[in-house]
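# Close look at the chain arrangement
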Amino acid sequence: MVSRRLEKPVSLRYNACPMAIPAKDFVSLLQDAGFDFFTGVPDSTLGGIIATLIERRVYIPAVREDEAVGLAAGAYMGGRIPAVLMQNSGLGTSLNALISLNLIYLQPCLLLVSWRGHDGTDAPEHLVMGQVMTKLLDLVRIPHRTVRAEAVREDVGWAGQVFMSQRIPVALLVPKGVLS
């Protein structure tokens, strides 16, 4: 097993408060924590993060969420610290890869999952997954935490700690409005 650790201390460039987090600051926080490989599929909630990653030339787009999970596993085996960006509906698409590759063979990745249907209001196709997502993650034993603007440093730190100590996927759930 490859031994790695997240190198840099987590720092923020703004005063944490219960308002939206600028996407550029969130990406800097992830990079400062050691995450250095980013892949995923387009998503409007995570759009600012994806745009920032593209601008910084550190994002590899994927066609499907399970492909992104496979790319992240390869990146991890190559010595990188990967993050996969997806909408919660894509979590369903990626479950087989997460269970049969990442969980069984201890291939960690950070899952940044936009939580569509979080508050019960969204397009109808997002409501069911919005209601069951945390239960689904619990069922497949993927640790998760909901990103909160006032505790973003702790949330990312928690994800990094679980990522490295358990060597399994860990999810940060991003409700609409947390990022700007």
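So, a few notes on the structure that sits alongside this text. (Residues numbered from 1 in each chain as written. Predicted model: local features only at pLDDT ≥ 70, side-chain atom pairs only at ≥ 80, totals over all residues. Heavy atoms only, no water.)

What the protein chain contains, in helices and strands, is six helices and six strands. Reading the secondary structure of the protein chain in the N-to-C direction produces α-β-α-β-α-β-α-β-α-β-α-β. In terms of C-alpha radius of gyration, the protein chain reaches 15 Å, essentially the compact-globule figure of 16 Å for 180 residues. For the C-alpha atoms alone, the extent of the protein chain along its principal axes is close to 45 × 35 × 25 Å. (Helix = DSSP H or I, 4+ residues; strand = E, 2+ residues; numbered from the N terminus. Rg over C-alpha atoms; globule rule 2.2 N^0.38 Å.)

With that out of the way, let us pick up helix α6 (residues 152–166). Over its 15 residues, α6 runs 21 Å from end to end, which matches the ideal 21 Å to within 8%, given 1.5 Å per residue. Considered for burial, the residues of α6 that qualify are V152, D155, V156, W158, A159, G160, V162, F163 and M164. Packing partners of the buried residues in α6 comprise α1 (23–32), α3 (65–77), β3 (82–87), β4 (110–115), β5 (144–146) and β6 (170–175). R167 occupies a position one or two residues after α6 and carries a positive phi of about 55°. (Expected span 1.5 Å × (residues − 1). Buried < 20%, exposed > 50% of the residue type's maximum accessible area, 1.4 Å probe, protein only. Contact = heavy atoms within 4.5 Å.)

Our focus in this paragraph is the packing of α3 against helix α4 (residues 88–103). Across the interface, α3 lies against α4 with an axial gap of 7 Å and an inter-helix angle of 35°. In the crossing of α3 with α4, the sense of the turn from one axis to the other is right-handed. Across from E65, D66, V69, G70 and A73 in α3, the residues of α4 making contact are G90, T93, S94, A97, L98, L101 and N102. Residue composition of the contact of α3 with α4, grouped by class: five nonpolar, five polar and two charged. (Axes fitted to C-alpha atoms, helices over the stretch in contact; angles between N-to-C directions. Left-handed = near helix turned anticlockwise from the far one by under 90°. Nonpolar A, V, L, I, M, F, W, Y, C, P; charged D, E, K, R; others polar.)

Next up on the list: the side chain of E65. In this structure, E65 sits in helix α3. It is R64 that comes nearest to the buried, bridge-free E65 among opposite-charge side chains, at 5.8 Å. Setting aside its immediate chain neighbours within four residues, E65 contacts V41, M86, G90, T93 and S94. (Lys, Arg positive; Asp, Glu negative; His and termini not counted. Salt bridge = Lys/Arg side-chain N within 4 Å of Asp/Glu carboxyl O.)

In sheet architecture, strand pairing relies on hydrogen bonds along the backbone and comes in two forms, parallel and antiparallel. Pairing is parallel in the open sheet, where six strands are placed in the order β2-β1-β3-β4-β6-β5. Strands with a single pairing partner mark the edges of an open sheet, and in this sheet they are β2 (59–61) and β5. Along the sheet, successive strands turn relative to each other by an average axial angle of 20°, direction set aside. As paired strands, strand β1 (residues 37–40) and β2 are joined by three bridges and run parallel to one another. Paired with T39 across the strands is I60, a residue of β2. The strands touched by α3 within the sheet are β1, β2 and β3, with β3 carrying the most contacts at an inclination of about 175°. In the packing of α6 onto the sheet, the strands contacted are β3, β4, β5 and β6, and the crossing angle to β6 comes to about 160°. (Pairing = 2+ DSSP bridges.)

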